[in-house]
Amino acid sequence: MMQLASALDTVNTFIDSRGVLGALLVAAITTGAGLFWRSRRPAREISWGVLYDEPINQGQDQQSDPHQNQGPNFWDIQFRNKPVKQGSLVLLRVRNAGETAIKDEDFRPGLSFRFGGRQVLGFKVRDHHELHRLVEAARVKEAEEEARRAQALPQGESPAKVVRTELTLPTFLFNPGSEFKLLVLLQAQPRSQADVDVRGEIVDGKIARHDVRRPPYRLIAVGTALAVLIAGITLGVRLANDALTPTAACSGGSLTLEGSSAFAPVANQVRNNYRQLCGQNATITITADGSERGLASLEHSRSSTLIAMSDGLPASQAGTETLVRRPVGVVTFAVVANTALRATLPDLFSQNGVSEDELRSLFTGAHASATPRVTAVGRTHASGTRAAFAGAFFGGVDPEPGTAAACGPGTTQGFCTSDNTMDLLSFVESHPDAIGYAEADALPYFPDVQVIAVDGQLPSAQSVTSAGYPFVATEYLYTAGQPAGLVADYLQFLTSPAESAALRGHGFIACGDLSGTKRDGACSG
């Protein structure tokens, strides 16, 4: 009996110290509730949620330095060639969560979204080809009707301005398990995510808001059985669930993160999550001006409130020897191309995509690309993304010309460079012959840009952790000395298990999630 008690105590200590039992019991409770809900849900159900709802272009008139923007403000979003002042950007996820398909005639009358009185300037459908086609067809028809009405007006009279605060989707076939994303550009800023609501009905079904993806039921059922087994062996162990609950040591003051435009969206997400827990006492500024510039700024200022973000290690360690370097994870990048290239280079969009040899031919920096009718788009020398591209495919030797012209409206073929991720993707989006590379998580905002496989490998958590996909870089955060106050609290929050879990699926894999994989050594330096 003593040996049995000792063994049980050892098991209890192991489980309790790691929060394993808490996680499994939470899974069991969630499973029970989820299975009960599933047994009662209707055959037809549309589930929708708000993935992103943030202001854009804030303080453009007051900013003297174009790089000094906060959060998503470094995305200079325009509508009809004019900045959207006091605007906002919303990303919705809509899914058929029912058991049967929803047909055209099942919508009564259609699916409409409202945004708390904000004006709808425009929207894009992503990840649903048929709905995207229907929306674009409706948009062309509406433009033609507006043109006819304008022609019918007396000379000199302008048509009345139409202000829309609601968007209505055309009816379509919505198969079970399929989903799409809706990117909406709005005039006016959000008050809260409750601003967004939906109108419409479906026959013998319902439309429900679920901002968090439902768990996979079969997997959770296995977790339930395991939880019951462990709970039976380890009676008396307290519920240790700290690892699953986000917490932060909240500090006031100011903090600036400067550097990598690839990591900036992740830093912005961490900033938003931190401020949700801690309130608005902390001022956190994010400047996405390239890894090299971020490091140079820290080396020059030695500011205790500045964090430099770097994709990989700098080419020269000079000046960084006295800085404190922290690997926090790996950023995943992607080779991307305008979908119009499918007409002239269909193999580019095949399962195999582009080979490393073909990439090397495209980005040698020659005046004319080795592949005709293609514009190769790279990043400027200050970019860590450019260094990661050279490291992945050129053995660390930068193949691109240092004197390459900046990408612009007049660029046709050959090679050009962009200063940041959003500029590069905007250029590829608007030029049908363009191919480039960028941080993988920014693609949902560019419907005419598609990820290209490299030697049959697409960027994903599995392909990265198995070391099959090469285009990644370790993300390093540099500080001038040991951090304190808000800087230390932000870094601790970013690297916590709960926040690492929240960042999964954002083109970033935290060091803790690399443990035991073939990328385990990425965070050793």
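Here, the structure is the one placed above.
Here is a short report on the structure shown in this document.

Scoring rules and cut-offs
- Residues numbered from 1 in each chain as written.
- Predicted model: local features only at pLDDT ≥ 70, side-chain atom pairs only at ≥ 80, totals over all residues.
- Heavy atoms only, no water.
- Phe/Tyr/Trp six-rings, centres within 6.5 Å; stacked < 30°, edge-to-face > 60°.
- Buried < 20%, exposed > 50% of the residue type's maximum accessible area, 1.4 Å probe, protein only.
- Helix = DSSP H or I, 4+ residues; strand = E, 2+ residues; numbered from the N terminus.
- Lys NZ or Arg CZ within 6 Å of the ring centre and 35° of its normal.
- Disulfide = S-S within 2.5 Å.

1. Remarks on the packing of aromatic side chains
Right, so step 1: As enumerated under the stated definition, the model contains 17 aromatic pairs in all.
Right, so step 2: A centroid spacing of 5.6 Å and a plane angle of 50° characterise the contact between F174 and F180, whose relative ring orientation is tilted. In terms of burial, F174 and F180 fall into one category: buried.
Right, so step 3: Ring centres 6.1 Å apart and planes at 65° place the aromatic pair Y437 and F471 in the edge-to-face group. One end of the pair, Y437, is in strand β17 (residues 434–439); the other, F471, is in the loop between α10 (461–465) and β19 (472–479), with 34 residues separating them in the sequence. The same class applies to Y437 as to F471, namely buried.
Right, so step 4: The ring of F123 carries R139 above its face, with NZ or CZ at 5.0 Å from the centroid.
Right, so step 5: We note R342 situated over the ring of F349; from NZ or CZ to the ring centre the distance is 4.5 Å.

2. Here we look at the state of the cysteines
Right, so step 1: This model, assessed by the stated rule, comprises three disulfides.
Right, so step 2: Here C250 is linked by a disulfide to C278, with a sulfur-sulfur distance of 2.0 Å. Measuring handedness by torsion sign, the sulfur bridge of C250 and C278 sits at about -70° and is left-handed. One end of the pair, C250, is in the loop between α4 (217–233) and β11 (253–259); the other, C278, is in helix α5 (residues 264–278), with 28 residues separating them in the sequence.
Right, so step 3: Classification of C278 as buried rests on a relative accessible area of 16%.
Right, so step 4: Note that C407 is cross-linked by a disulfide to C416, the S-S spacing being 2.0 Å. The disulfide joining C407 to C416 has a torsion of about 90° about its S-S bond and is therefore right-handed. You'll find C407 and C416 in the same group, each marked buried.

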